[in-house]
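Coordinate inspection notes
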Amino acid sequence: MDTELGVLKSGKEADVHLVERALPAADQPDRSLDGNPAGEPPVAERRCLLAAKRYRPAEHRMFHRDAGYLEGRRVRRSREMRAMTGRTAFGRNLLAEQWAAAEFGALSRLWSVGAPVPYPAQRAGTEVMLEFLGDPDGTAAPRLAQLRPDPAQLADLWAQLAAALLTLAGEGLTHGDLSAYNLLVHRDRLVLIDLPQVVDVVANPRGAEFLHRDVHNIASWFAARGLPARLGGPDALLARLVTEAFRVG
Ligand SMILES: Nc1ncnc2c1ncn2[C@@H]1O[C@H](COP(=O)(O)OP(=O)(O)O)[C@@H](O)[C@H]1O
Ligand SMILES: [Mg+2]
């Protein structure tokens, strides 16, 4: 049973809602059959919090990520391609659905190779349901951009970031829209979010460009927060990521 608990964040392209999913005690298997003594209180409800990211059909403007990324993807049926480029209501909705499917696919793949991403629970239409990163009372984990880490925390977060990007590069991928707004810090653990536009560094004609941009964006945030260049400059990391992404076999 899903219960809507409100909006976590409203954006231009998607809204993120907080949802509680519960299995009411009455619907759980009857434990009295396997020796639960009579008179014991019923099994507690099982519940968890989820983040529901709902893409909205872009009304007036080009979805800012459509331009560069569509060229890397294959849309088989040309009627659908025409609808999307022609911005009909059908096309706009289809595009929102494609983004939801792309994000679910990217998260599933990255989760399965151990990258720090929220667990993707399901995708239905234009909605992706994710593991909620935050406290049981519904307070979401802060974005990296909101934090002012001390030098030791900053160095630790940079190390986590480098490890995460190397895991992506091992799959030939880069985030594609990496910034301190698309990284959450949940109990000292850095988590990558917002991945519908994940870029195949090798197959996408502009892949290397996106990788370069991702690394420079985030390295300048760390530099501005005071990470010493010897620990965190973009160049050494970029070189490792390129080597990893283009490694053969
Ligand atoms: N799994 C999650 N757990 C907690 N908060 C989340 C989660 N996913 C997204 N959020 C919150 O919603 C905001 C927007 O999500 P994001 O995926 O970046 O979408 P967009 O930037 O396209 O609106 C995030 O900055 C974060 O605050
Ligand atoms: Mg975002």
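Keep in mind that this is a model prediction, so the values were computed, not measured.

Calculation rules
Residues numbered from 1 in each chain as written. Chains lettered and ligands numbered in written order. Predicted model: local features only at pLDDT ≥ 70, side-chain atom pairs only at ≥ 80, totals over all residues. Heavy atoms only, no water. Donors = N, O, S within 2.8 Å, 3.2 Å for Na, K, Ca; no water. Helix = DSSP H or I, 4+ residues; strand = E, 2+ residues; numbered from the N terminus. Buried < 20%, exposed > 50% of the residue type's maximum accessible area, 1.4 Å probe, protein only. Pairing = 2+ DSSP bridges. Near = heavy atom within 4 Å. Polar contact = N/O pair within 3.5 Å; in protein donor to acceptor, adjacent residues only side chain to side chain. Areas by Shrake-Rupley, 256 points an atom, 1.4 Å probe, with all protein chains shown as cover. Nonpolar A, V, L, I, M, F, W, Y, C, P; charged D, E, K, R; others polar.

**Brief notes about the coordination of the magnesium ion (ligand 2)**
- At the metal site, the magnesium ion (ligand 2) is ligated by Asn182 (OD1) and Asp194 (OD), and these contacts range over 2.1 Å. Highlighted residues: asparagine 182 in the loop between β6 (173-174) and β7 (183-186) and aspartate 194 in the loop between β8 (189-192) and β9 (199-200), separated in sequence by 12 residues. Like aspartate 194, asparagine 182 is buried.

**A closer look at the pairing of strand β2 (residues 14-23)**
- Most of β2 is tucked away, with seven of its 10 residues classed as buried.
- Strand direction decides the pairing type here: strand β1 (residues 2-10) and β2, joined by seven bridges, are antiparallel. Residue pairing across strands places serine 10 opposite aspartate 15, the latter belonging to β2.
- Linkage of β1 to β2, two consecutive antiparallel strands, is achieved through a turn of three residues.
- As paired elements, β2 and strand β3 (residues 46-55) share 10 bridges and run antiparallel to each other. Bridged to valine 16 within β3 is lysine 53.

**Focus: the site of ligand 1**
- Taken together, 18 residues lie around ligand 1, and Lys53, Glu131, Leu133, Arg143 and Asp194 are the ones closest in.
- Between ligand 1 and asparagine 182 there is a distance of 3.1 Å, counted from an oxygen atom to a side-chain nitrogen or oxygen.
- Aspartate 194 places a polar side-chain atom, nitrogen or oxygen, 2.9 Å from an oxygen atom of ligand 1.
- Within the complex, 91% of the 550 Å² of free accessible area of ligand 1 lies under protein.
- Only β2, β3 and β5 (127-131) provide two or more residues apiece to the shell around ligand 1.
- In the shell around ligand 1, the residues fall into 11 nonpolar, one polar and six charged.

Coordinates in, geometry out; function isn't part of it.
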